[in-house]
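Reading the structure
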Amino acid sequence: MLHRAIFFYLAVAVVLLAQVAQAVKREDFKTCDQASFCRRHRQLSAHTLSRYSAIEGSVRLEQHTLSALVEHSDDNVPLRIDINFLSSGTIRVRGQEDAPLVPRFDDTQRYVLRNEGSRLPYAAPHELQLTSETADGQRVHTVSYTNSSLDISVRMTEQPWTLTYLREGRPTMQLNTKGLFKFEHLRGKSDGDNVDDEWEETFRTWTDTKPRGPESFGMDISFVGYKHVYGIPEHTSPLLLKPTRGDSSGYDQPYRLYNLDVFEYEIDNPMSLYGSVPFMLAHSAESTVGVLWLNAAETWVDVTYAKTNAITSFFRRSSSGSESTVDTHWISESGVMDVFLFPGPDAAEVYRQYAEIEELPPLPRDFAIGHHQCRWNYIDEGDVLAVSDKMHEHKIPYDVIWLDIEHTDGKRYYTWDASKFPNPLAMQEKLEHDGHKLVTVVDPHIKRDTSYCVWDDANKQGLFVKDKDGSSNFQGWCWPGDSNWVDSLNPDAVEWLRKQYHLDKYNGSSPNLFIWNDMNEPAVFNGPEITMNKDAKHHGGWEHRDVHNLYGMLYQKAAAEGLRTRESPNKRPFVLSRSYFVGSHRYGAIWTGDNTASWEHLRASVPMILSNNVAGMHFVGADVGGFFGNPDSMLLTRWYQLGMWYPFFRAHAHIDTKRREPWILGEPYLNYIRDAIRERYRLLPYWYTLFREASLTGMPLVRPMWMEFPKEESLFGEDSAFMVGSAIMVVPVTESGEQQSVDIFFPQQEEWYDMHKGIGHHGPLRRSFSVGLADTLVFARGGSIIPTRERQRRSSALMKQDPFTLHIYVSRAGTATGRLYVDDGETYDYEDGAFIERELAFSNATLVSRPSARTISSVARTTFAKSMARVRIERIIITGLRSPTTMATVSEDGKERQIQLGYSGYSADNTECVIRDPAVHINSDWEITLS
Ligand code: NOJ
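Residues numbered from 1 in each chain as written. Predicted model: local features only at pLDDT ≥ 70, side-chain atom pairs only at ≥ 80, totals over all residues. Heavy atoms only, no water.

**Quick notes on the environment of Ser584**
Positionally, Ser584 belongs in the loop between β29 (575-577) and β30 (589-591). If we skip the residues at most four places from it in the chain, Ser584 touches Met553, Gln556 and Met617. Side-chain polar atoms of Ser584 contact the backbone nitrogen of Phe581, separated by 2.9 Å. (Helix = DSSP H or I, 4+ residues; strand = E, 2+ residues; numbered from the N terminus. Contact = heavy atoms within 4.5 Å. Polar contact = N/O pair within 3.5 Å; in protein donor to acceptor, adjacent residues only side chain to side chain.)

**Section: the packing of helix α9 (residues 491-500) against helix α10 (residues 544-564)**
For the pair α9 and α10, interaxial distance at closest approach is 7 Å and the crossing angle is 45°. Here α9 lies oblique to α10, going by the angle between them. In this structure, α9 crosses over α10, and the sense of that crossing is right-handed. Residues Val494, Leu497 and Arg498 of α9 pack against Tyr555, Ala558, Glu561 and Gly562 of α10. Split into classes, the residues belonging to the contact of α9 with α10 amount to four nonpolar, one polar and two charged. (Axes fitted to C-alpha atoms, helices over the stretch in contact; angles between N-to-C directions. Parallel < 35°, antiparallel > 145°, perpendicular 65-115°, else oblique. Left-handed = near helix turned anticlockwise from the far one by under 90°. Nonpolar A, V, L, I, M, F, W, Y, C, P; charged D, E, K, R; others polar.)

**Here's the deal with the nonpolar core**
Grouped together as the largest cluster of nonpolar side chains are 212 residues, with contacts concentrated most on Leu550, Phe574 and Ile728. In terms of residue count, the dominant contributor to this core is α10 (ten residues). Looking at this core, you find at least three residues from each of domain 1 (32-232 + 277-357) and domain 2 (713-930). If we ignore the near neighbours within four places in the chain, the residues touching Leu550 are Phe105, Thr108, Tyr111, Val112, Ala296, Leu489 and Phe581. (Core = buried A, V, L, I, M, F, W, Y, C linked by side-chain atoms within 4.5 Å. Buried < 20%, exposed > 50% of the residue type's maximum accessible area, 1.4 Å probe, protein only. Domains from an automatic or database assignment.)

**Describing the pairing of strand β3 (residues 65-72)**
Of all eight residues in β3, seven are buried, a share of seventy percent or more. Alignment of strand β2 (residues 60-62) against β3, held across three bridges, turns out to be antiparallel. Within β3, the residue paired with Glu62 across the bridge is Thr65. Counting the residues between successive antiparallel strands, the hairpin from β2 to β3 contains two residues, one of them, Gln63, with a positive phi of roughly 55°. With six bridges connecting them, β3 and strand β4 (residues 79-85) associate as antiparallel partners. Each residue of the ladder has a partner; that of Ala68, found in β4, is Ile81. Hairpin connection of β3 to β4: six residues between the antiparallel strands, including Asn76 at a positive phi of 50°. (Pairing = 2+ DSSP bridges.)

**Focus on the domain arrangement of the protein chain**
Per the domain assignment, the segments making up the protein chain are domain 1 (32-232 + 277-357) and domain 2 (713-930). In this structure, domain 1 and domain 2 have C-alpha centres spaced 45 Å apart.

**Observations concerning the state of the cysteines**
In this structure the tally under the stated criterion is one disulfide. What pairs with Cys32 in a disulfide is Cys38, and their sulfur atoms sit 2.1 Å apart. Residues Cys32 and Cys38 are joined by a disulfide whose S-S torsion is about -105°; by sign, that bridge is left-handed. Take Cys32 and Cys38: they sit in the same class, and that class is buried. The thiol sulfur of Cys478 is not disulfide-bonded, and the nearest other cysteine sulfur, from Cys374, lies at 17 Å. (Disulfide = S-S within 2.5 Å.)

**Comments concerning the site of the ligand**
In the vicinity of the ligand, the contacting residues are Trp376, Asp404, Ile405, Trp479, Trp516, Asp518, Met519, Arg578, Trp591, Asp594, Phe627 and His652. Asp594 is positioned with one of its side-chain polar atoms (N or O) 2.4 Å from an oxygen atom of the ligand. Within the side chain of His652, an N or O atom sits 2.9 Å from an oxygen atom of the ligand. If the ligand stood free it would expose 300 Å²; the protein chains cover 99% of that surface. Residues that form the shell around the ligand fall into these classes: seven nonpolar, one polar and four charged. (Near = heavy atom within 4 Å. Areas by Shrake-Rupley, 256 points an atom, 1.4 Å probe, with all protein chains shown as cover.)

**So, the sheet that holds strand β27 (residues 481-485)**
In space, the three strands of this open sheet follow the order β25-β27-β26, with antiparallel pairing throughout. Every interior strand has two partners, whereas the edge strands, β25 (445-447) and β26 (476-478), have only one. In this sheet, adjacent strand axes meet at a mean angle of 60° when their direction is disregarded. For β26 and β27, the ladder comprises three bridges, and the chain directions are antiparallel. Bridging across to β27, Cys478 finds its partner in Gly481.

And the structure:
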């Protein structure tokens, strides 16, 4: 026993030392070559014809599905390929053995897709038409899907088997035209058979027993006519994905998607990180298309940029000469092939198509988009309350304070260290009284300790992941020492987990407490690649291999459901998770894990956050300040100035770092940081309205520049400047130095207004700005209306009845539009209409506020509207007015009034006109005309 303890603490010391050493231990993690399935696929050479062919006579169209049996010329094991047409023009390509020896894991869809993957909106069969022809000796089957808005077709060749997706007659996406399709069918093991590590493989000291043998598959997907691809987080690569086949401008490894706890991760690297979202966008000045490769097993993706795509005579004929192509190669270790191709033709349409198969992100709690203060660790109750008081003293708004693992009784989650937190409820009450919330960490490893009732209960009920033998609990090390892992794939375990978050179960928790699920990749300190052995067994006998990338998401899901149902009526939960997968956006926020206090990491946070947003993971942030190391005052200041634009805005730091709460820095830094945080709070109405938009359309909150300016090729590789919604361009300063020169490109024939100075810039324009540490570069796009709340409060909870200010940034045509969405920020009443949503429009010198078309009458709405009846617009600031006027006529509820306008330093450059207290309300229809 003693031995074991010593061994454990040594291991933890090694882990902590590795953190201090500050360099990723690459040797802890596999390269493609060290994962035998990846190696086997990657050694296939592109540009050879595929040896997979459709079996003659097997191709048919039934209902919304074109299907074929496909086999390799060597083995004659039939694979069934189903191409399903969805009503939006999306196609879903599924492939697996027609008669597998044993079933393959096919439940990923259940955990990810709408209605668990059944009842997706398929195309009406009468709109699909199959024609078959023989051209150049090649048998070709084409399904055309034509309705009033779509002209698409899918062309399948028999020999080799390939698939081309055409929009308006032009190929856009192609499968297997590079000949990289390969499907390892399940087979019996012959004695001593382990060719190329198919049946067993060893990585460092770990042997993966692979009881089912080889079962991987891979496929090439080419984007024809494209030169730019984005997405597939989580990596530290630039936003525009670099090539991966050894090109000097790129990587020599594919992007890896296998959720891992990578200490001191490196920037500009395709290695795996904590989350995996196999969703990619390809973009050109003409169109945007997307792909989702729905598989939760370890997956690798190669990217190459090429000139021409045609390899069969048929395709040489149909694609126009030497078109640019992005060739991607997707390789997964197990499960079934399930791929969605989204035809666009623009990003907004791709997200609409994605939303057809996947639920949209829900509205978060309002406090969750405020400022979060975390540290490993706030030591005790006194410390927590002192930090909170200091925030008040220094007039820094914040919403949530966080407790890391040290708050527990020996890393036993759902407990408190009684010597440091003797009275957690009183602490939460005090926080709540001041308008704040508390978050505590709950990791998925449960300390093996018979006297710990959580472990004991889960153990008695058999809720832990099992070892490879399927009967004893999988055991490993994590923070508490010897641990077991609750099986988030087991419905009983999920039910049990949900209950652990209920108020009667989680002692010392109140409705004011929310949750952070960390280490849920899962991290296992003594496991292969710091995670769970692939041959560990989950509910239903499935291997960890099959479900690895789902595990963390399902843990977060259980926590979110637990919080949601702990009160009646239910309230919106807030759960932060480190591990994530496609669909995690439904359960809360994520963050980019253990970054470092360096300028390089500060810069990298932008492409990381953008890539996540591109892939539908909207609610994401990076640790402000950097987790490892001690940022100097300048770096920390710049980090707040950028971090306030992260959708999830949290400061966090490693246990070995120096305290760095803003006041510790002193002036002038404290002042700059306070300004940044206050700006976040001023803009909360804009952010919340953006979250609302995302919950209806799936549009990212923070967007790559190209997404707002899709024809502006010079922006396709831009990943330092970005858009927050469609109205604000942020150009962060991410270099060290008191005075920095920053180059900015203002795209298009647009006006761009410096949001701090009111000065306009006329695009298209390239300009350098010299900025000191007090300055940030934030520009409002002409034509936008941005709602804010300007009163300084301790937290968002205290702003709920505050008046709004409307900022109108006039376009060249003298117009602007915007929206304001408000609800109670915590319940689900908005689903019954309890919200106020206003469409704001400025034209012909008149600003009009009207209810949005989504406004419905209901009891819930009336009650909410009543509660907001006194909330008014206290100020309107119009920037960019051509000619100053002095009076305005306000009409509300049939009554008219005249009011005086004010100008703050009006000049040719600064054309800010202020309407002070127009005394109009957010929930009534009104008009203001300048005269
Ligand atoms: C790892 C997390 O990434 C980090 O944020 C946290 O502070 C530590 N675990 C300790 O819980």
